[in-house]
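So you can see what is in the structure, the chains are spelled out below.
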Amino acid sequence: MLRFGAVLLVNACLMIVGAVENFNDNVPKPNQEELLRPKRGINPNQNFTTTRRSIPDGLFTIPTRTPSYYTTIKPGYYPPSSTNDNDSNVSSRLNRLETEFEEKVTKFRHELHHRNRRIEVENAATKSDVERLKMELKNMKDQQRYDRNVIDNSAFENRIEDLKTLVKVVLSNMRILNADVNSIKKNFSDLATQTELMAQSNTELLTKQFFNQGLLELHQKHYGGHSLASYQNSPKTTSENVFPQNCKQLKDENKSSGIYRIKPESAPTPFMVFCDMESRDGGWTVIQNRFDGSQEFFKNWHEYKHGFGNLGGEFWLGLNNIYYLTGNEVNELLIELEDFDGVSAYARYTAFSLGSELEGYALKVLGGYSGNAGNSLIYHAGNKFSTKDIDNDVWPEGSCALSHGGGWWYRSCDTTNLNGRYLNGRLPEQFIYQGVYWGDFGGPLYSLRKTRILVRTRDENSPPMFDINITNTTFENY
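Residues numbered from 1 in each chain as written. Predicted model: local features only at pLDDT ≥ 70, side-chain atom pairs only at ≥ 80, totals over all residues. Heavy atoms only, no water.

Caption draft 1: Local environment of the nonpolar core. The biggest cluster of nonpolar side chains holds 54 residues, and the ones touching the most others in it are Trp316, Leu333, Leu366, Leu377 and Trp438. If near-sequence neighbours (up to four positions away) are discounted, Trp316 is found in contact with Ile287, Gln288, Phe297, Tyr304, Gly307, Phe308, Ile322, Phe385, Trp409 and Asn419. In this structure, Trp284, Val286, Phe315 and Leu334 belong to the second largest nonpolar core, which totals six residues. (Core = buried A, V, L, I, M, F, W, Y, C linked by side-chain atoms within 4.5 Å. Buried < 20%, exposed > 50% of the residue type's maximum accessible area, 1.4 Å probe, protein only. Contact = heavy atoms within 4.5 Å.)

Caption draft 2: Seen up close, the pairing of strand E5 (residues 284-290). For E5, the buried fraction is high: seven of the seven residues fall into the buried class. With three bridges connecting them, strand E4 (residues 271-276) and E5 associate as antiparallel partners. Bridging across to E5, Phe274 finds its partner in Val286. Relative to strand E7 (residues 315-316), E5 is paired through two bridges, and the arrangement is antiparallel. Bridge pairing in E7 links Asn289 to Phe315. (Helix = DSSP H or I, 4+ residues; strand = E, 2+ residues; numbered from the N terminus. Pairing = 2+ DSSP bridges.)

Caption draft 3: Highlighting helix H8 (residues 319-326). For H8, a buried count of eight out of eight residues is recorded, marking the element as mostly surrounded by other parts of the structure. Restricting attention to buried positions, one finds in H8 the residues Leu319, Asn320, Asn321, Ile322, Tyr323, Tyr324, Leu325 and Thr326.

Caption draft 4: Molecular detail of the state of the cysteines. Enumeration over the complete set of coordinates arrives at two disulfides. Disulfide pairing places Cys247 opposite Cys275 at an S-S distance of 1.9 Å. On the sign convention where negative is left-handed, the bridge of Cys247 and Cys275, at about -70° about the S-S bond, is left-handed. In this pair, Cys247 is assigned in helix H6 (residues 247-252) and Cys275 in strand E4, connecting sequence segments 28 residues apart. A relative accessible area of 0% means that Cys247 is categorised as buried. According to the relative accessible area criterion, Cys275 is buried, its value standing at 0%. (Disulfide = S-S within 2.5 Å.)

Caption draft 5: Examining the side chain of Ser447 more closely. With respect to the helices and strands, the residue Ser447 is situated in strand E14 (residues 446-447). Separated by 3.0 Å, the side chain of Ser447 and the backbone oxygen of Leu423 make a polar contact. (Polar contact = N/O pair within 3.5 Å; in protein donor to acceptor, adjacent residues only side chain to side chain.)

Caption draft 6: Representation of the pairing of E4 in the model. Examined bridge by bridge, strand E3 (residues 258-262) and E4 share five bridges and lie antiparallel to one another. Among the inter-strand pairings, Tyr260 is bridged to a residue of E4, identified as Val273.

Caption draft 7: Region of interest: the packing of aromatic side chains. All chains considered together, the criterion is met by 12 aromatic pairs. Among the aromatic residues, those joined into a cluster by ring pairs are Phe297, Tyr304, Phe308, Trp316, Phe385, Trp408 and Trp409. Lys388 extends its terminal NZ or CZ atom over the ring of Phe298, reaching a point 4.8 Å from the ring centre. (Phe/Tyr/Trp six-rings, centres within 6.5 Å; stacked < 30°, edge-to-face > 60°. Lys NZ or Arg CZ within 6 Å of the ring centre and 35° of its normal.)

Caption draft 8: Quick peek at unusual backbone geometry. For the bond running from Ser412 to Cys413, omega is 5°, close enough to zero to count as cis. Tracing the backbone shows Cys413 in the loop between helix H9 (400-404) and strand E11 (416-417). We note that Asp281 has phi near 75°; this positive angle belongs to a residue other than glycine. Along the polypeptide, Asp281 turns up in the loop between E4 and E5. Its relative accessible area of 64% is what places Asp281 among the exposed residues. Not every positive phi belongs to a glycine, and Tyr361 is a case in point at roughly 50°. Within the element layout of this structure, Tyr361 appears in the loop between strand E9 (344-354) and strand E10 (363-371).

The following block contains the structure:
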């Protein structure tokens, strides 16, 4: 509205100035003679300049000018006296225009003042409404926040009460558990004391070793086992010379790899073996072969003693047959390994010999390691063979065969377990030590894809025996 009033005022001023200019242009001009005639009372040297007439109230200054021809009077001449009438007419007209202009300006000023006043009143009312609306919105937000806080605080208080109840229950259970633990500790202490007293009073109590030895003797009687002495003292038949004693003899006869019947010197009857005539100069007898997991190796003592599986696939030759091959003379041992990425490794020992069943098929001789798989088997040297039903390990709290799922020369327990469960490659933590593993080639959390164990009779071309220092090999109690 203020802008609109200013525009109206400017337009009114322009209209007034235009009217004054039109009036001056319409004033009749005197002729030349009148201009040259001197006028009484007028100084010819007086300068006629533009004059300003003041508008009342000091709002505007209206410029008026005298006609241009009055300024062109030559010096020494006076304007003609006949122009007095014209001047009076001009003055009257100007006075009339000034009066009209003042009336219009006054009217416009009052109108503009009235409109500005009305706008101010309306603005004040609008501001009041806006402030009231803001206050109402603020009150609504505060009310919503309060309601939400009340609801949240109520739910929070309920949760706190629930947590208090739960903490009380947990504390109560902890007290009960603590009392049970203290009771168990006291029972264990009493049991240990009583066991020590019993051991001191009776030195002939049943031990783990005594119990296992009794089981071995029962197996011998039940299955008709024979000792090394009985084989050496038994009469020889004329048919013994028909069969070769080992695969090395077949290699010397230029036989190719395959399944043959052999009869070692200490064996009562011949048995079938697979001979490898290609690996590392050939003449090896394969005593274990695994490559696809088709054969289960978590067997009992009787099955490990007599062997199981298929000589054309996965198999275990049998502890008895291995003893016949290696019990009378020291052999070489070769172990071949391969993982699921096709990476292969081997461990070769120049000295290997197994004890009899009465000796627990102990790993009596092991030494002269070479290869790239690592000497992981040396940890088991001197230990007896254990299965899930005959525990010959030295772990007093449990059975390595049951815990690690195989049959092996466990100590307490193992750094290799080639007769363990056939699993596929990398294993989760819960299957540690249970796969077909070699400690220095993949470790106990990796189950290998292929393993082979081979033995060969030593001859003059065999590597020197024990060219590497023997460690952890024992012959005690044999």
